[in-house]
There are 2 protein chains.
Amino acid sequence: MLLEGRHFRLDQCSAYDVGRKAMGVNLSDIAAMAGTPRAAVVAVALPLDRAEEIARELHRGLASLGHKYGVALVGGDTNAWDGPLVVSVTLYGEAHPRGSVLRAGARPGDRIAVTGPMGGSILGRHLEPIPRLAEARSLQDAGVPRAMIDISDGLASDLGHILKESGGLGATLEVSRIPIHRDAYRLAETTGRPPLEHALTDGEDFELVAVLDPATRWQDWTFLTPVGTIDAEPGIRLRFPDGRIEPFTLRGFDHLAADHSRRAAP
Amino acid sequence: MLLEGRHFRLDQCSAYDVGRKAMGVNLSDIAAMAGTPRAAVVAVALPLDRAEEIARELHRGLASLGHKYGVALVGGDTNAWDGPLVVSVTLYGEAHPRGSVLRAGARPGDRIAVTGPMGGSILGRHLEPIPRLAEARSLQDAGVPRAMIDISDGLASDLGHILKESGGLGATLEVSRIPIHRDAYRLAETTGRPPLEHALTDGEDFELVAVLDPATRWQDWTFLTPVGTIDAEPGIRLRFPDGRIEPFTLRGFDHLAADHSRRAAP
C-alpha cells in the first residue's frame with residue numbers, strides 16, 4: 001500500500017511513477033520467494049479533484065511494468081474521495097516447482113550474497129525497482145537458496161528478518177565486500193554520513209539478499225556478490241579489512257563507519 | 001477498499017465494525033461466484049494518533065468474521081500515517097468444482113431470484129453483511145445459476161450489471177414479489193420515499209441475485225424468492241399487480257412507486 005504524503009508526493013513524482021513503484025515493490029516480493037508473478041488486483045482511492053487524470057496515469061504505470069513481467073491486471077476496486085492518493089496492489093504469483101524460498105532456512109556457516117550495489121536509492125532508484133525475478137528463479141532452479149529476502153528496509157534490517165526467522169542466528173559481513181552504489185557516494189556528500197552506512201541501512205534498493213549453502217559454487221551466478229556468512233551467535237558483526245570485528249549497531253555505526261571510511265579513502 | 005469519511009465514520013461505528021464489514025463485503029463477492037473463501041491479505045493505513053488501538057480492533061473484526069467462514073489472515077501490509085483509516089482486503093477463494101458463476105450468462109426467459117428481503121440496510125445491516133456462501137454453493141452444486149451477483153449497489157443497479165454483461169438483455173420484475181425488508185419500511189418513514197424504492201435501489205444488502213434456467217425447480221431452494229424474468233428487450237421493467245408494465249427509471253420512480261405504495265397499503 002503506497003500512501004501519498006507518506007511514501008510519495010505528487011509534486012515530486014507523477015502518478016505514472018507511483019503506478020510503476022506500486023507494481024515494482026510487489027514484483028520484488030515475489031522475486032524474493034523465487035516465484036513467477038502472474039496477475040494483480042489493484043485497489044485505489046483517488047483524490048476527487050484529479051481522479052480521472054490520476055487514474056489514467058497510475059494505470060499506465062502499473063500496466064507498463066506489469067506487461068514487462070507478464071502480469072495481467074485482473075481486477076480491483078476504484079474509489080474517489082476527499083483524501084490523498086492511496087494505491088494497494090495485491091500480486092498473485094506461481095510458486096517455483098521446487099517450492100518457494102522463505103526467510104526462514106538459513107544455517108550457521110551459510111554464505112550471504114547480494115544481487116547488486118546498495119545505498120542512496122532515494123536519489124531516484126527508489127521509484128524504479130528492478131525486480132530480480134530472473135536471478136531468483138535461476139538460483140532456485142539449482143535449488144541453492146536456503147533463505148531469501150528483498151532489500152526494502154536496508155541490508156542490515158532485512159538480513160535481520162532472515163536471522164530472526166531462521167531461529168535467532170547472526171551474521172558477519174565483510175566490509176570490503178559490500179557493494180556500495182554510486183548513489184550512496186553521491187548521497188554521502190550531502191548527508192555527511194559514510195557511503196557504507198547508506199549501503200547497509202538505506203532502504204528501497206530492491207536487490208535480493210540470498211543465503212546459500214556454503215558448498216554452492218556462487219561463482220556460477222555472475223550477479224551474486226558474496227558479502228558474509230551466517231553465524232550461530234545472534235547479532236550482525238562487521239569484519240574490517242584489518243581483521244577487526246565489531247558489532248553492527250545503528251548507534252555504534254558513526255564511529256565504525258567513519259573509521260572505515262577514512263581508511264578506505266584513496 | 002474501505003475509506004474513513006467515505007464508507008464509514010469512526011464516530012458512528014467502531015474499528016471492529018469496519019473490520020467485519022471489510023471482510024464481509026469480500027466474502028459476499030466470493031459468494032456471488034459460488035466460491036469458497038480460503039485466505040485474506042489485508043493492507044491498512046492507520047491514523048497515527050490511535051494506530052495501535054485501531055489496529056487491534058480492526059484485526060479483531062476481520063478475524064472474527066474470517067474465522068466464522070474459514071478464512072485465514074495470511075499476510076498484508078501495515079502502515080501508519082497522518083491521514084484517515086484505510087482498509088483494503090484481498091480475499092482468495094477456491095472456485096466451485098463446476099466452475100465459477102459469472103455476471104455473464106443470463107438468457108431471455110431465465111428466472112430471476114433473490115436470497116432475501118432488501119432495502120434500508122443503512123439502518124445497521126450495512127455493517128453486518130451476511131455472505132450467502134452456503135446458499136450460492138448449494139445452487140452451484142446443482143449447476144442451476146446461469147449468472148449471479150451480490151447486491152452492493154442496489155437490486156436494480158446490480159441486476160443491470162448482469163443484463164449488460166450478458167449481452168445487453170433486459171428484465172421484468174414483479175412488483176408484488178419483491179421482498180421488502182422491514183428496515184425499508186422503517187427508513188421510508190423518515191425519507192418519505194416508498195419502501196419499494198428502497199428495496200430496489202438501496203445498496204449494501206449483500207443478498208444475491210441469481211439468474212436461473214427456467215426449468216429450475218427453484219422451490220427446492222427455500223431461501224430463493226423469484227422476482228422476475230430475463231427479457232431479450234434491454235431495460236428493466238416493473239409489472240404491477242394490475243398487470244400494468246412500466247419502465248423502471250430512477251427519475252420515473254417517484255410516480256410509479258408512490259402509486260404502488262398507495263395501492264399496496266393495507
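Just so we're clear, the structure is a prediction, and the values are computed from it rather than from any experiment.

Criteria and thresholds
- Residues numbered from 1 in each chain as written.
- Chains lettered and ligands numbered in written order.
- Predicted model: local features only at pLDDT ≥ 70, side-chain atom pairs only at ≥ 80, totals over all residues.
- Heavy atoms only, no water.
- Helix = DSSP H or I, 4+ residues; strand = E, 2+ residues; numbered from the N terminus.
- Rg over C-alpha atoms; globule rule 2.2 N^0.38 Å.
- Buried < 20%, exposed > 50% of the residue type's maximum accessible area, 1.4 Å probe, protein only.
- Contact = heavy atoms within 4.5 Å.
- Salt bridge = Lys/Arg side-chain N within 4 Å of Asp/Glu carboxyl O.
- Pairing = 2+ DSSP bridges.
- Right-handed = clockwise from strand over helix to strand, strands pointing away.
- Axes fitted to C-alpha atoms, helices over the stretch in contact; angles between N-to-C directions.
- Least-squares fit on C-alpha atoms with pLDDT ≥ 70 in both.
- Phe/Tyr/Trp six-rings, centres within 6.5 Å; stacked < 30°, edge-to-face > 60°.
- Lys NZ or Arg CZ within 6 Å of the ring centre and 35° of its normal.
- Buried area = accessible area lost by both parts, 1.4 Å probe.
- Polar contact = N/O pair within 3.5 Å; in protein donor to acceptor, adjacent residues only side chain to side chain.
- Nonpolar A, V, L, I, M, F, W, Y, C, P; charged D, E, K, R; others polar.
- Left-handed = near helix turned anticlockwise from the far one by under 90°.
- pLDDT = per-residue confidence, 0-100.

1. What about the overall build of chain A?
Helix and strand counts for chain A stand at seven helices and 11 strands. Here the C-alpha atoms of chain A give a radius of gyration of 19 Å, agreeing with the 18 Å that 2.2 N^0.38 yields for 266 residues. Taken along its principal axes, the extent of the C-alpha atoms in chain A is 60 × 45 × 30 Å. Here chain A holds 266 residues, and 53% of them are scored as buried. Long-range pairs, those at least 24 residues apart, make up 83% of the contacts in chain A between residues at least 6 apart in sequence.

2. Some thoughts on the pattern of salt bridges
For the coordinates displayed, the defined rule picks out 42 salt bridges over all chains. The partner of aspartate 220 of chain B in a salt bridge is arginine 217 of chain B, and the shortest N-O contact between them spans 3.0 Å. You can call arginine 217 of chain B exposed: its relative accessible area is 55%. Measuring nitrogen to oxygen at the nearest pair gives 2.8 Å for the salt bridge that ties arginine 237 of chain B to aspartate 231 of chain B. Residues arginine 237 of chain B and aspartate 231 of chain B agree in their burial class; the two are buried. Here the residues in one salt-bridge network are Arg125, Asp183, Arg186 and Asp205 of chain A, joined through shared partners.

3. Here we look at the pairing of strand E2 (residues 36–47) of chain A
Residues and elements named next belong to chain A. Extensive coverage of E2 is indicated by the burial of 11 of its 12 residues. Relative to strand E4 (residues 86–94), E2 is paired through nine bridges, and the arrangement is antiparallel. Bridge pairing in E4 links alanine 43 to serine 88. Each parallel crossover has a hand, and the one from E2 via helix H2 (residues 51–68) to strand E3 (residues 72–81) is right-handed.

4. Concerning the sheet that holds strand E7 (residues 170–174) of chain A
Residue and element names in this part refer to chain A. Spatial strand order, E6-E8-E5-E9-E7-E10-E11: seven strands in an open sheet with mixed pairing. Both edges of this open sheet fall to strand E6 (145–150) and strand E11 (245–247), since each of them pairs with a single strand only. Strand after strand, the sheet turns through a mean of 25° between neighbouring axes, direction not considered. Where strand E5 (residues 111–114) and strand E9 (residues 225–231) come together, four bridges link them in antiparallel fashion. Directly across from alanine 113, in E9, lies its bridge partner proline 226.

5. Some words on the relation of the copies chain B and chain A
Mapping chain B onto chain A calls for a screw motion: a turn of 180° about the axis and a shift of 0.0 Å along it, with 0.0 Å RMSD after fitting. In the structure described here, the two chain copies are related by an operation that fits a two-fold rotation axis.

6. What to know about the sheet that holds E2 of chain A
Residues and elements named next belong to chain A. Taking strand neighbours across the sheet as the criterion, the four strands line up as E1-E4-E2-E3 in an open arrangement whose pairing is mixed. Lying at the two open borders of the sheet, with one neighbouring strand each, are strand E1 (2–3) and E3. With nine bridges joining them, E2 and E3 adopt parallel strand pairing. Of the residues in E3, the one forming a bridge with leucine 46 is alanine 80. The strands touched by H2 within the sheet are E2, E3 and E4, with E2 carrying the most contacts at an inclination of about 165°.

7. A look at the packing of aromatic side chains
The final tally for this structure, using the stated rule, is one aromatic pair over all chains. Summarising the aromatic geometry, the rings of tyrosine 92 of chain A and tyrosine 92 of chain B are spaced 4.9 Å apart at their centres and angled 50° between planes, so their arrangement reads as tilted. Here the residue tyrosine 92 of chain A occupies a position in strand E4, and tyrosine 92 of chain B occupies one in strand E4 (residues 86–94), the pair thus bridging two chains. The residue whose ring lies beneath arginine 244 of chain A is phenylalanine 240 of chain A, and the NZ or CZ to ring-centre distance is 4.5 Å.

8. A few points about the interface of chain B and chain A
Residue-level contacts link 19 residues of chain B with 19 residues of chain A. Summed over both partners, the interface of chain B with chain A buries about 1400 Å², with 66% contributed by carbon and sulfur atoms. The interface formed by chain B and chain A includes zero salt bridges. Here chain B and chain A share seven residue pairs in polar contact (both at pLDDT 80 or more) between them. Here the side of chain B that touches chain A takes five residues from E4 of chain B, the largest share from any one element. Split by residue class, the side of chain B that touches chain A holds 12 nonpolar, four polar and three charged.

9. Concerning unusual backbone geometry
Positive phi outside glycine occurs at phenylalanine 206 of chain A, with the angle close to 65°. Its place among the elements puts phenylalanine 206 of chain A in the loop between helix H6 (195–201) and strand E8 (208–212). Not every positive phi belongs to a glycine, and alanine 34 of chain B is a case in point at roughly 65°.

10. Quick word on the packing of helix H1 (residues 15–32) of chain A against H2 of chain A
All names here are of chain A. Running from N to C, H1 and H2 cross one another at 35°; their axes reach a closest spacing of 7 Å. Crossing of H1 against H2: the hand is right-handed. Across the interface between the two elements, Ala15, Tyr16, Val18, Gly19, Arg20, Ala22, Met23, Gly24 and Leu27 of H1 pack against Ile54, Glu57, Leu58, Arg60, Gly61, Leu62, Ser64, Leu65 and Gly66 of H2.

11. A word on the confidence of the model for chain A
Fine structural detail should not be taken from predicted coordinates in areas where pLDDT scores are low. Residues and elements named next belong to chain A. Residues with a pLDDT of 70 or more make up 94% of chain A, whose mean pLDDT is 93. Scored below 50 in pLDDT, residues 254–266 shows 19 contacts in the model against residues more than four places distant or in partner chains. Confidence estimates for the predicted assembly give a pTM of 0.88 and an ipTM of 0.86.

12. Quick word on helix H4 (residues 155–165) of chain A
Listed as buried for H4 of chain A are Leu155, Ala156, Asp158, Leu159, Ile162 and Leu163 of chain A. Count one or two residues on from H4 of chain A and you reach glycine 167 of chain A, which has phi positive near 100°.

13. Considerations on the side chain of aspartate 158 of chain B
Residue and element names in this part refer to chain B. By the element assignment, aspartate 158 lies in helix H4 (residues 155–165). Within the structure, the side chain of aspartate 158 is placed 2.8 Å from the backbone nitrogen of serine 152, a separation counted as a polar contact. Among the polar contacts made by the side chain of aspartate 158, one reaches the main-chain amide nitrogen of aspartate 153 at a distance of 2.8 Å. The contacts of aspartate 158, once residues within four sequence positions are left out, are Ile149, Asp150, Ile151, Ser152 and Asp153.

14. Comments concerning the pairing of strand E9 (residues 225–231) of chain B
Residue and element names in this part refer to chain B. Burial runs high along E9: five of the seven residues are buried. As judged from the four bridges shared by strand E7 (residues 170–174) and E9, these two strands associate in the antiparallel manner. Bridge pairing in E9 places leucine 173 opposite glycine 228.

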